[in-house]
Amino acid sequence: MKFLTLVLLVAAVNAKHEIYIGWKSYIVKPDSYEQLEKLGSKIPELELDFVSNAALNREGVVLVKPQYQADFLDFLTKEKISHRIHVEDLKAQFDLEDKEIEEQDRRTRSANGARIPYDNYQTLEVIYEYIDRIAAQYPETVTLVENWRSFEGRPLKYLKISRDNFQSNKPIVFIDGGMHAREWISPPAVTYAIHKLVENVTEPDLLDKYDWILYPVANPDGYAFTHTNTRMWRKTRSTDQSVASRLCPGADGNRNFNFAWNTVGTSNNRCSDIYAGSRAFSEVEVRAVDAIMQEYRDRIDIYITMHSFGSMILYPWGHDGTLSENAFALQRVGIAMAVAIDELSLPHFPNYVVGNSVLVIGYAASGAAEDYAHSIGIPLTYTYELPGISGQGFHLNPRYIHQVVRETWAGLVAGARAA
Ligand code: 0X9
Ligand code: ZN
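Residues numbered from 1 in each chain as written. Chains lettered and ligands numbered in written order. Predicted model: local features only at pLDDT ≥ 70, side-chain atom pairs only at ≥ 80, totals over all residues. Heavy atoms only, no water.

Student: Help me get a handle on the packing of aromatic side chains, residues and values and all.
Tutor: Following the criterion strictly, the structure yields 20 aromatic pairs and no others. Look at F225 and W233: their rings are 5.3 Å apart centre to centre, the planes differ by 75°, and that puts the pair in the edge-to-face class. Exposure class is identical for F225 and W233. Each is buried. Between F281 and Y372, the aromatic rings sit 5.3 Å apart at their centres with planes inclined by 85°, giving edge-to-face as the arrangement. In this pair, F281 is assigned in the loop between α9 (243-247) and α10 (284-295) and Y372 in helix α13 (residues 369-375), connecting sequence segments 91 residues apart. Each member of the pair, F281 together with Y372, is buried. These aromatic residues form a ring-pair network of at least three members: Y20, W23 and F94. The ring of F166 has K160 sitting right over it, with the charged end atom 4.8 Å from the ring centre. A cation sits over an aromatic face here: R237 above W233, 4.6 Å from the ring centre. (Phe/Tyr/Trp six-rings, centres within 6.5 Å; stacked < 30°, edge-to-face > 60°. Buried < 20%, exposed > 50% of the residue type's maximum accessible area, 1.4 Å probe, protein only. Helix = DSSP H or I, 4+ residues; strand = E, 2+ residues; numbered from the N terminus. Lys NZ or Arg CZ within 6 Å of the ring centre and 35° of its normal.)

See the structure below:
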């Protein structure tokens, strides 16, 4: 009996990440704008999954399913796009990453066993416990808002941080994270900002000038699913009456905002990772972000949505590559943020690139948060693509989380001051 239990246990452990058997990832480096565009155009056909975005002369990392390996390599050879294998066996890589997370857990857990959300990749429960604790411990500056529930019924939690409970009409900085479930470095960047505004205040001027809304996990259903089931899940987890939606739940939150909705860089296929949803704002998680934007529409000066990977600061318009009337300010503040980050960064991290979303990332996409926010009048709106290190396995080793959250905070400080 004991033996059987052991066998079942071993089988269960190895069953994890099983859907990634046969997947490989490649590093690609387009050296002309044409190559970058051609790569972008192959995404739907070969169901390519760029986990680290390529840019001109900058390496990206792309996951390729078993059935497309040959076609993908043929395409790269034909177009003379520089490439090399990144991870031969993605399942093995994810198993390894689980071990790294366990090691980081042993290194960082405090004597009383407490887990801190920006010390490691943490479960939703750990992040929510932190949010709850901060709200309970600092009632004079922090208000917890949980008016909404996710599709699967989880509370959607964000913090309002202010010296006077938002009373004196200060401009607002609104930052969200975790809209793309698998981009695990994003929630720690937001929880660390909470820490720096509430627990360890070294820049008090930021609370003199601004009120803050910090929303670490905008897509908790997806985030939980990446921990329990599919590591590379990106979308929400919504379904409707249709069989198709049960087979392939969820929509891409960053294609679901009501801005040029479902016109470019999106898919009508529910199984696609860039499925735009059945209509604009079909996703309750996206409506919740919009509700914050609407409530404080006239006061939000800066909106930042945290994503990964790529070391990029992107601004509108991301559906067609044109510049907004506020492009000069967007670029100036963007540069201020990038310079501050690069100053703190590590030598083997890539430098940040700042610019229009389409031009920097190489593909157009409609229904994105940063464009929608700008379209309703928020002057400074950005997508951060936080750093990853392409040579080092697939995701960012948890040892680097502290580095990333610290340098990202420096960027936020510089941005708020420059604005
Ligand atoms: O494609 C996205 O949603 C973002 N990249 S990610 O790798 N995190 O998925 C980039 C969004 C760029 N912004 C606009 N298209 N406006
Ligand atoms: Zn993303």
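This is not the end of the story, as more comes after the structure.
Student: Describe the coordination of the zinc ion (ligand 2), naming the residues involved and giving the relevant values.
Tutor: The protein atoms that coordinate the zinc ion (ligand 2) are H180 (ND1), E183 (OE), E183 (OE) and H307 (ND1), at distances spanning 2.0 to 2.3 Å. Looking at H307, the relative accessible area reads 1%, which means it is buried. (Donors = N, O, S within 2.8 Å, 3.2 Å for Na, K, Ca; no water.)

Student: Hey, could you go over the confidence of the model for the chain for me, with residue numbers and the actual values?
Tutor: Across the chain, the average pLDDT comes to 93, with 95% of residues at 70 or higher. Note on residues 6-13: pLDDT is under 50 here. Beyond four places in sequence and across chains, it has zero contacts. (pLDDT = per-residue confidence, 0-100. Contact = heavy atoms within 4.5 Å.)

Student: Can you break down the site of ligand 1 residue by residue, with the values?
Tutor: Around ligand 1 lies a shell of 18 residues, among which R234, Y363, E370, D371 and E385 are the nearest. Within the side chain of H180, an N or O atom sits 3.3 Å from an oxygen atom of ligand 1. Between ligand 1 and the protein, one listed contact pairs a nitrogen atom with a backbone N or O atom of G318 at 3.5 Å. Contact with the protein chains removes 99% of the 420 Å² of surface that ligand 1 exposes when unbound. (Near = heavy atom within 4 Å. Polar contact = N/O pair within 3.5 Å; in protein donor to acceptor, adjacent residues only side chain to side chain. Areas by Shrake-Rupley, 256 points an atom, 1.4 Å probe, with all protein chains shown as cover.)

Student: Give me the packing of helix α5 (residues 124-137) against helix α6 (residues 186-199): which residues, what numbers.
Tutor: It is the contact of α5 with α6, at a shortest axis distance of 12 Å, that shows an interaxial angle of 20°. As judged from the angle between their axes, α5 and α6 are roughly parallel. Crossing of α5 over α6 shows left-handed handedness. Seen from α5, the contacting residues are I127, Y130, R133 and I134; seen from α6, they are P187, T191, I194, H195, V198 and E199. Across the contact of α5 with α6, the residue classes tally to six nonpolar, two polar and two charged. (Axes fitted to C-alpha atoms, helices over the stretch in contact; angles between N-to-C directions. Parallel < 35°, antiparallel > 145°, perpendicular 65-115°, else oblique. Left-handed = near helix turned anticlockwise from the far one by under 90°. Nonpolar A, V, L, I, M, F, W, Y, C, P; charged D, E, K, R; others polar.)

Student: A description of the state of the cysteines should follow, citing residues and the corresponding values.
Tutor: By definition, a disulfide is the covalent link that joins the sulfur atoms of two cysteine residues. One pass over the structure, following the stated rule, counts one disulfide. Two residues, C248 and C271, share a disulfide whose sulfurs are 2.0 Å apart. Taking the sign of the S-S torsion, 85° for the link of C248 and C271, the bridge is right-handed. Pair noted here: C248 is in the loop between α9 and α10 and C271 is in the loop between α9 and α10, with a separation of 23 residues, a long-range link. Its relative accessible area of 48% is what places C271 among the partly exposed residues. (Disulfide = S-S within 2.5 Å.)

Student: So, the pairing of strand β6 (residues 155-161): which residues are in play, and what are the values?
Tutor: Judged by how many residues are buried, β6 sits mostly within the fold: seven of seven residues are covered. The alternating pattern of β6 places P155, K157, L159 and I161 and L156, Y158 and K160 on opposite faces, both of which are buried. For strand β5 (residues 142-149) and β6, the ladder comprises six bridges, and the chain directions are antiparallel. Bridging across to β6, W148 finds its partner in L156. The sheet contact formed by β6 and strand β8 (residues 211-215) spans three bridges and is antiparallel. If you follow K160 over to β8, its bridge partner there is I213. (Pairing = 2+ DSSP bridges.)

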